[in-house]
Amino acid sequence: MSSVISIAAAVFVGLLPVDQADSATDRARVIAAQSARVETIQRLVPSVACLFNKGDQAGGGSGVLIDKDGYGLTNFHVVAGMLRDRQGDAGLAGKRLVDMEILGIDPGGDVAMFRIDPKERFNPAPLGDSDGLAVGDYTLAMGNPFGLADDYAPTVTHGIISGLHRFQAGVRGALTYTDCIQVDTSINPGNSGGPLFDMSGRLIGINGRIAVEERNRVNVGVGFAISINQIKRFMPMLRAGIVTPHATAGFTVRDQALRVLVDEIEDRGAVRTAGLQHGDELIRFAGRNIHSANDFLNILGTLPADWPVEVAFRRDGEVRRFNMRLAAMPLPKLTRDAPNQPKLAFDPYGPHPVTTKANRRAVCRAIELFHKAAGSSNVWHDGIGLVAGGTRTPTGAHEEKGETISWRVRASSDDSKAEDAIPDTVEATIWSELLSMSADKPAKGLRVVASNEVRGRICVVIERKLEKGQPQRLSFDDETGELLAVEFTHAGTGIVFRYEYGSVQSVGAMRMPRARWVYRGETLFAEDSFTEMAIEAR
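In this text the structure is predicted, and so the values were computed from the model without any measurement.

1. Brief notes about the overall build of the chain
For the chain, the count of helices and strands is 8 helices and 29 strands. Every one of the 538 residues in the chain was classed for burial, and the buried ones make up 50%. Taking the intrachain contacts of the chain between residues at least 6 apart in sequence as the baseline, contacts between residues at least 24 apart amount to 59%. Surface accessibility of the chain: about 25,300 Å² in total, with carbon and sulfur atoms responsible for 49%.

2. As for the pattern of salt bridges
Inspection of every chain in the model, using the stated rule, returns 32 salt bridges. Here E368 makes a salt bridge to K372, at a shortest N to O gap of 3.7 Å. One end of the pair is E368 and the other is K372, both in helix α7 (residues 353–374) and 4 residues apart, which spans about a single turn. Two residues, D528 and R516, come together in a salt bridge whose shortest N-O distance is 2.8 Å. Of this pair, D528 sits in strand β29 (residues 523–537) while R516 is found in strand β28 (residues 510–520), placing the two residues 12 residues apart along the sequence. The burial state of D528 is the same as that of R516; both residues are buried. Among the charged side chains, a salt-bridge network with shared partners connects R325, R455, R498, E500 and E522.

3. Considerations on the confidence of the model for the chain
For the chain, the average pLDDT comes to 89, and 88% of its residues sit at 70 or higher. Confidence drops under a pLDDT of 50 for residues 1–14, and excluding neighbours within four residues, the segment shows 15 contacts in the predicted structure.

4. Topic: the packing of aromatic side chains
The geometry of an aromatic ring pair comes down to the distance between the two centres and the angle between the two planes. Applying the stated rule across the entire model yields 13 aromatic pairs. Relative to F476, the ring of F370 has its centre 5.6 Å away and its plane inclined at 70°; by these criteria the two rings are edge-to-face. Linking F370 in helix α7 with F476 in strand β25 (residues 472–477), this pair joins segments that are 106 residues apart in sequence. Accessibility expressed as a relative area gives 1% for F370, which makes it buried. The residue whose ring lies beneath R115 is Y71, and the NZ or CZ to ring-centre distance is 5.5 Å. It is R498 that lies over the ring of Y519; its NZ or CZ is 4.3 Å from the centre.

5. Re the nonpolar core
Core analysis: the largest hydrophobic core is formed by 71 residues, its most contacted members being L73, W407, L434, F476 and L483. In contact with L483, not counting residues within four places along its chain, are F370, W431, L434, L474, S475, F476 and Y501. A247, A249, L282 and L300 belong to the second largest nonpolar core, which has 24 residues in total.

6. Points about unusual backbone geometry
Of note, R172 is a non-glycine position whose phi angle comes to about 50°, a positive value. Inspection of the secondary structure puts R172 in the loop between β8 (155–168) and β9 (177–183). Not every positive phi belongs to a glycine, and D179 is a case in point at roughly 50°. The topology assignment puts D179 in strand β9. Residue D179 is classed as buried on the basis of its relative accessible area, which comes to 10%.

7. Concerning the sheet that holds strand β1 (residues 48–53)
Pairing in this closed barrel of 6 strands is antiparallel, and the strands run β1-β2-β3-β6-β5-β4 around the ring. Strand-to-strand, the axes of this sheet are offset by a mean angle of 45°, without reference to chain direction. Bridge analysis of β1 against strand β4 (residues 87–92) gives 5 bridges, and the strand direction is antiparallel. Among the inter-strand pairings, N53 is bridged to a residue of β4, identified as G88. Here helix α4 (residues 228–239) sits on the sheet and contacts β3 (71–74), β5 (96–106) and β6 (111–116); the angle it forms with β5, its principal contact strand, is near 95°. Along the sheet, α7 contacts β3, β4, β5 and β6; its crossing angle with β5, the most-contacted strand, is approximately 80°.

8. A few points about the sheet that holds β29
Across the sheet, 9 strands lie side by side as β22-β21-β29-β28-β27-β26-β25-β24-β23; this open sheet has antiparallel pairing. Two strands in the sheet have a free side with no partner beyond their single neighbour: β22 (403–410) and β23 (446–454). Going from strand to strand, the sheet's axes swing by 25° on average, the running direction of each strand aside. Set on the sheet, α4 makes contact with β23 and β24 (457–464); between it and β23 the angle comes to about 165°. This element, α7, spans β23, β24, β25, β26 (483–489) and β28 of the sheet and lies at about 55° to β23.

9. Brief notes about the packing of α7 against helix α8 (residues 423–436)
Direction vectors running N to C along α7 and α8 enclose 105°, while the axes themselves pass 9 Å from each other. Of the possible angle classes, the one that applies to α7 and α8 is roughly perpendicular. Across from I367, F370, H371 and A374 in α7, the residues of α8 making contact are W431, L434 and L435. The residue inventory of the contact of α7 with α8, partitioned by class, reads 6 nonpolar, 1 polar and no charged.

10. What to know about the pairing of β28
Among the 11 residues in β28, 8 count as buried, and that is most of the element. Sheet topology note: the strand β27 (residues 496–507)/β28 ladder contains 10 bridges and is antiparallel. Counterpart to V504 in the pairing with β28 is P513. Linkage of β27 to β28, two consecutive antiparallel strands, is achieved through a turn of 2 residues, within which G508 is found at a positive phi near 65°. Strand direction decides the pairing type here: β28 and β29, joined by 6 bridges, are antiparallel. Directly across from R516, in β29, lies its bridge partner D528. Adjacent in sequence and paired antiparallel, β28 and β29 are bridged by 2 residues, among which G521 carries a positive phi angle near 65°.

What counts, and where the lines are drawn
- Residues numbered from 1 in each chain as written.
- Predicted model: local features only at pLDDT ≥ 70, side-chain atom pairs only at ≥ 80, totals over all residues.
- Heavy atoms only, no water.
- Helix = DSSP H or I, 4+ residues; strand = E, 2+ residues; numbered from the N terminus.
- Buried < 20%, exposed > 50% of the residue type's maximum accessible area, 1.4 Å probe, protein only.
- Contact = heavy atoms within 4.5 Å.
- Areas by Shrake-Rupley, 256 points an atom, 1.4 Å probe, with all protein chains shown as cover.
- Salt bridge = Lys/Arg side-chain N within 4 Å of Asp/Glu carboxyl O.
- pLDDT = per-residue confidence, 0-100.
- Phe/Tyr/Trp six-rings, centres within 6.5 Å; stacked < 30°, edge-to-face > 60°.
- Lys NZ or Arg CZ within 6 Å of the ring centre and 35° of its normal.
- Core = buried A, V, L, I, M, F, W, Y, C linked by side-chain atoms within 4.5 Å.
- Pairing = 2+ DSSP bridges.
- Axes fitted to C-alpha atoms, helices over the stretch in contact; angles between N-to-C directions.
- Parallel < 35°, antiparallel > 145°, perpendicular 65-115°, else oblique.
- Nonpolar A, V, L, I, M, F, W, Y, C, P; charged D, E, K, R; others polar.

Structural data, given as structure tokens:
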């Protein structure tokens, strides 16, 4: 904490005129802080874009590029007018106007992803961690307020975080800002969709809303940004061109006498099945303590549909817990300009060639990262495999001696297997087929369908359709490509099995998990630990 304070103090001193520093040491600190700040800004400028409707540079908004492949983030309301053709223009510093495509959209949370040609010259911004922010932290906002930048170089403003965990209501389910960041950093019309950076140059939010004086649209020192940690949960879907639904819990809460009580519960759904009742006291949700109904709404609004959460509640003095997956909220009904305007003449949520290609690229990206995480496709080639031996411990039997098990996977495209094969064999076959799959031309029937969290890590979820039986679901770490879970319906029993993985170990040039958790439905059935691993040739 002391280092953070000293850095903040140096930045603050850097805002003062040099002649006010009363010693050589202070002057040196002022100059060093100023130089660091200027260097950071210069480094970030090539990541910021001015966004316009195709062929029309009147108005517009802002965006920020986040990786070398040309993907960027902005507000949904900035690109809403581009959804028919999914095309727009992006202005980059140096007076360069380039084509961009609109990919996934999150109308509920006011976020969208765009993409430019990765061959263009730009410097992607690194993603930060908005959970580590504190009121008083210094921030930088960049964008194109009032269309000032004829050469597309962004305007830079400086300020502090003045509030956290704010809630700003939306309109008919759209443009809702939950658990957002409040700043006094100057944000004005045209800044929408632009980046909010910390003083190290890490992206901590996307600017989107301001409080304005009556009768005009000038910032009065209260702006709001969508936290980057919220966006990270939706990013696998946004990259794949998906319309991302937000989650609903299936129950409501109310504040009463310093407690948060369950109010209404849907008649059908996971909550009712889990036994939650009217009047139960909600104490924890999705990893955070609940102190008010607003806390609950804030957390819920940051989560995608189908997200796994743990719910803790108190009844008759006893704390009880259950796990569930969140249902989907209905997508907002979009109109031309406002809720009272006519409906759009096209379906903004329908399929489009741009989003279809985006989904295929996202599949290829996941398979490529998976191969690298497992040791690269050069290591895994036809006939080469891995055999592991270990112990399976049934849930609740940790004091008993576990069952000896083996696990064998090899790069093989032979997907022939008996429909009544035991679940462990089906799971091993999925691994084998993935290891033999080409990242450039993955197998048909693969499609990104969701994002997920497995043991605290954000995943891209790929659904694999089969000629027979129910589709399989594969969850890959969105950053590293590690396979963290496979899920399938066992043909012989009709039971849904899910295998989760952890504790990756290197075996020669291969990298495979040593820990495995086996679920039947949402119930943990057994824990597997592999203590011996060896490379095996056919």
